[in-house]
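# Per-entry structural report
In case you want the letters, here they are:
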Amino acid sequence: MIELKGVTRRFGDVVAVDNIDLTIETGEVCVLVGSSGCGKSTTLRMINRLLPRTSGEILVDGEDINKADPEALRLNMGYAIQSTGLFPHWTVARNIGVVPDLLKWPSRKRDERVNELLTLLGLDPATDAHKYPHQLSGGQAQRVGVARALAGDPNILLMDEPFGALDAITRENLQQEMLRIQRQLNKTTVFVTHDIDEALKLATRIAVMDQGRIIQHDTPEAILRRPASAFVENLIGKGDRGLKLLALRTVGDLMERYPQPRRPEPYSNGVNEADSLRVALSVMVWQNSAELPVFSEAGEEIGTVKREQLLQGGA
């Protein structure tokens, strides 16, 4: 879907991005991670031509983006940023509908899309569509920003630190929303963050950048198990690497399932099958238990997970 070949970007004498090669496959979530000033946001903005490249090639579906009409290119790339960029004098519905309007969608189709996205992102079309940005919480405004990026049903989604200004609880909730949306929509996504835990949680593949170069491009598990350099090793941390590995898999991946779901015991404490193995281990330590019941989304008891399994094969 997206290919960068020998791409460089200079600002005067400063090399912000230094001769990078990167391939992002269709439906993949590629997270660019690194410290401030490493070139990750510059790389993102070159993909939709908000910044021109100094040299190299950027291809989308095999076509050089410099040969495409810039407006058409950007309309096929949803773009979400940290500050949301919502128009303050427009309602939520109008902010989300701006790209469908530019694409000349019929008003009925646009309105249906707005309502669909509000619902998808946990907002109420009946009450939230007519609000203005100043009437929203930070988390709600960021959801609207993501909805606007998705409104024109783009093939590619570009996200530049979209949750960076949010509190920890809201940020985690929106990360979960992104995972759920990606399972449903399967968009090709390029996501910029400085937070390695966010990168590990969201990414199909991670590109670690430092001083304008890509130091390692691999799956989250491979980066945790086989960091390519001391820089990558320091970025991912050493003391809790095992816990980060546990966070990559869910309880449903490892649990022992019952032949038939069971009615849970009253006040039974356990974990959901969608919880990470890290969460399961934490609950076991807190409860001083070696085994936990596992529940489905519907609340049925569907199996068990054992601490021995987590320690021996969970990661």
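Bear in mind the structure is a predicted one, so any value in this text is a computation, not a measurement. (Residues numbered from 1 in each chain as written. Predicted model: local features only at pLDDT ≥ 70, side-chain atom pairs only at ≥ 80, totals over all residues. Heavy atoms only, no water.)

### Some remarks on helix H7 (residues 138-150)
Structural remark: α-helix, 3.6 residues per turn; residues separated by three or four positions point the same way. The terminal C-alpha atoms of H7 lie 19 Å apart, and with 13 residues this matches the ideal 18 Å at 1.5 Å per residue to within 8%. Counting buried residues along H7, 11 of its 13 residues qualify, which places the element largely inside the surrounding structure. Here H7 has its buried residues at Gly139, Ala141, Gln142, Arg143, Val144, Gly145, Val146, Ala147, Arg148, Ala149 and Leu150. At its buried positions, H7 is contacted by strand S6 (77-81), helix H3 (92-96), helix H4 (98-102), helix H5 (107-120), strand S7 (156-160) and helix H8 (168-185). (Helix = DSSP H or I, 4+ residues; strand = E, 2+ residues; numbered from the N terminus. Expected span 1.5 Å × (residues − 1). Buried < 20%, exposed > 50% of the residue type's maximum accessible area, 1.4 Å probe, protein only. Contact = heavy atoms within 4.5 Å.)

### Quick look at the packing of aromatic side chains
What describes a pair of aromatic rings is the distance from one ring centre to the other and the angle between the planes of the rings. As enumerated under the stated definition, the model contains 2 aromatic pairs in all. Aromatic side chains Phe87 and Trp90 sit 4.6 Å apart centroid to centroid with 55° between the ring planes, which places their arrangement in the tilted category. For Phe87, a relative accessible area of 35% corresponds to the partly exposed category. Residue class for Trp90 comes out buried when judged on its relative accessible area of 16%. Positioned above the aromatic ring of Phe11, the side-chain terminus of Arg9 is 4.2 Å from the ring centre. (Phe/Tyr/Trp six-rings, centres within 6.5 Å; stacked < 30°, edge-to-face > 60°. Lys NZ or Arg CZ within 6 Å of the ring centre and 35° of its normal.)

### What about the pairing of S7?
Looking down a regular strand, the side chains alternate between one sheet face and the other. The element S7 is largely enclosed, with a buried count of 5 among its 5 residues. Because side chains alternate across S7, one face comprises the buried residues Ile156, Leu158 and Asp160, and the other comprises Leu157 and Met159, equally buried. In the sheet, S6 pairs with S7 via 5 bridges, with the strands oriented parallel. Paired with Met77 across the two strands is Ile156, which belongs to S7. (Pairing = 2+ DSSP bridges.)

### Considering the sheet that holds strand S8 (residues 188-193)
Strand order in this open sheet of 6 strands is S6-S7-S8-S3-S9-S10, and the pairing throughout is mixed. Among the strands making up the open sheet, the edge pair consists of S6 and strand S10 (213-218). Sheet twist, expressed as the average angle between the axes of neighbouring strands with direction ignored, equals 15°. When S7 meets S8, the two strands line up parallel, connected through 5 bridges. In the strand pairing of S8, Asp160 is matched with Val192. Each of S6 and S7 touches H7; the most contacted strand, S6, lies at about 165° to it. (Axes fitted to C-alpha atoms, helices over the stretch in contact; angles between N-to-C directions.)

### Thoughts on the UniProt feature "domain: ABC transporter" (unreviewed entry) in the protein chain
Taking the numbering used here, the UniProt-annotated feature "domain: ABC transporter" (unreviewed entry) corresponds to residues 2-236. The span residues 2-236 carries 40% helix and 26% strand; its end-to-end C-alpha distance comes to 26 Å. (UniProt positions renumbered as here; feature names shortened; annotations may be inferred.)

### Thoughts on the pattern of salt bridges
In the structure shown here, the tally under the stated rule is 18 salt bridges. With a shortest N-O distance of 3.3 Å, Arg113 and Glu116 are connected by a salt bridge. Within this pair, Arg113 and its partner Glu116 are both found in helix H5, separated by 3 residues, close to a single helical turn. On the accessibility criterion, Glu116 (46% relative accessible area) is partly exposed. Note that Asp153 and Lys187 form a salt bridge whose closest N and O atoms lie 2.5 Å from each other. Taken together, the positions of Asp153 in the loop between H7 and S7 and Lys187 in the loop between H8 and S8 put the pair 34 residues apart, joining distant regions of the chain. The class of Asp153 is partly exposed, set by a relative accessible area of 45%. Lys187 sits in the buried class, given a relative accessible area of 9%. Each member of the salt-bridge network shares a partner with another, and the members are Asp101, Arg110 and Asp111. (Salt bridge = Lys/Arg side-chain N within 4 Å of Asp/Glu carboxyl O.)

### Section: the nonpolar core
In terms of nonpolar packing, the biggest core is built from 42 residues, with Ile96 and Ile206 touching the most fellow members. Looking at this core, the element that brings in the most residues is H7, giving 6 residues. Setting aside chain neighbours within four positions, we find Ile206 in contact with Val31, Val33, Ala199, Leu200, Gln216, His217, Asp218, Pro220 and Ile223. (Core = buried A, V, L, I, M, F, W, Y, C linked by side-chain atoms within 4.5 Å.)

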